Amino acid sequence: MKYISNLHTHTNYCDGKNSIEEIIKYAIEKEFISLGFSGHSNFSKDECSMTKEGTIKYLYEIKKYKEIYKDKIQIYSGIEADYYSDLNKNTDKEMPLDYRIGSVHFIDDGKDYFCIDMSKDNFNETIKHFGNIKIVIEKYFDNIIKMVETQKPDIVGHLDLIRKYNLNKEYFTEEEDWYIEKVEEVLKHIKENNSIVEVNIKLMNQNNLDAHYPNKRTIKRILEANIPLILNTDAHSINGLDKFYCESLEELKKLGVKKMKMLIDNSFKDIDINLFGKDINYK
Ligand SMILES: [Zn+2]
Ligand SMILES: [Zn+2]
């Protein structure tokens, strides 16, 4: 087994391509120490989310395979709880979840919900509806703050997903004071609520080493604030499960990351970044 783990994994119960067992088999082949599933929590406005019935089957199936493969890999049952779904720590205490990733994918205007990562055209329409990009960004980050304060997820998913269509700085510059101040406010709430921040590398590749959430500046601030990080691929297929996992470590080391959290033996442990991808003498 190696120090490789991913807790942000989608299956065919939501918008992922593969079944739970296919993903587990792939992770075993790649010698993952642990693997967590994070289906999109049921939310009527989100076409990518799991159905209510599907969620029950999903949890049952994870439990089943957790037992079947327990000698080969540690399997964890999680969820990517959208801020607007009715799935959070205050309302679903009965659900057998090992962890929650809290994510914001929508903002609202009091009447309707607007997805911020569906498509560029859709994003443009959302900006038009609210008047300007600054309002959209502030609403997005305010939702993260409210989510962290009220739902207290273990992990905050793709912290600055609002940058998805701004990777070439088409909409705003992330160095502007108002943007930096807003991110600072978000980090303050995350720190107070002891959440772990995910480094989400779904879009990262050799040609775009900056395509990760949060951006490099924010990762540096997270390190200064001593907020824990966890590395996730946000996989939607087996090919995405460890895609750019080891390569991304070099970028993180350059930023000064020394350790990151990994879910092992039912708790979030600090693992030296130099051990990531390496063999574990594990019993
Ligand atoms: Zn998400
Ligand atoms: Zn996701």
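So, a few notes on the structure that sits alongside this text. This structure is a prediction, so every number in the text was calculated from the model and none was measured. (Residues numbered from 1 in each chain as written. Chains lettered and ligands numbered in written order. Predicted model: local features only at pLDDT ≥ 70, side-chain atom pairs only at ≥ 80, totals over all residues. Heavy atoms only, no water.)

A word on the overall build of the protein
Assigned secondary structure in the protein consists of seven helices and 11 strands. Taken against the 2.2 N^0.38 rule, which gives 19 Å for 283 residues, the C-alpha radius of gyration of the protein at 18 Å falls within 12% of a compact globule. Across its three principal axes, the protein shows a C-alpha extent of roughly 55 × 45 × 35 Å. For the protein, buried positions account for 57% of its 283 residues. For the protein, the proportion of contacts with a sequence separation of at least 24, taken over those separated by at least 6, is 69%. As presented, the protein carries roughly 13,100 Å² of accessible surface, and 48% of it is formed by carbon and sulfur atoms. (Helix = DSSP H or I, 4+ residues; strand = E, 2+ residues; numbered from the N terminus. Rg over C-alpha atoms; globule rule 2.2 N^0.38 Å. Buried < 20%, exposed > 50% of the residue type's maximum accessible area, 1.4 Å probe, protein only. Contact = heavy atoms within 4.5 Å. Areas by Shrake-Rupley, 256 points an atom, 1.4 Å probe, with all protein chains shown as cover.)

Looking at the packing of aromatic side chains
Scanning the model with the defined rule gives 16 aromatic pairs in all. Seen from their ring centres, Tyr 13 and Tyr 58 are 6.0 Å apart, and the 75° between their planes marks the pair as edge-to-face. On the criterion of sequence distance, the pair formed by Tyr 13 in the loop between β1 (2–6) and α1 (20–29) and Tyr 58 in helix α2 (residues 52–68) is long-range, its members being 45 residues apart. Residue Tyr 13 is classed as partly exposed on the basis of its relative accessible area, which comes to 22%. Note on Phe 172 and Trp 178: the rings are 6.4 Å apart at their centroids and 50° apart in plane angle, and the pair reads as tilted. On the accessibility criterion, Phe 172 (4% relative accessible area) is buried. Residue class for Trp 178 comes out buried when judged on its relative accessible area of 17%. Following the ring pairs from residue to residue traces out a cluster consisting of Phe 43, Tyr 83, Tyr 84, Phe 106 and Tyr 113. (Phe/Tyr/Trp six-rings, centres within 6.5 Å; stacked < 30°, edge-to-face > 60°.)

Section: the layout of surface pockets
Roughly 460 Å³ of volume is contained in the largest pocket. Lining the largest pocket are 23 residues, and of these Asp 15, Cys 48, Cys 115, Asp 117 and Met 118 lie nearest its centre. A breakdown of the residues in the lining of the largest pocket according to their chemical character gives eight nonpolar, six polar and nine charged. (1 Å grid on protein atoms, 1.4 Å probe; cavity = no way out; pocket = protein on both sides within 12 Å on 5 of 7 lines; lining within 4 Å. Points joined across faces, edges and corners; volume = space filled by probe spheres on them. Nonpolar A, V, L, I, M, F, W, Y, C, P; charged D, E, K, R; others polar.)

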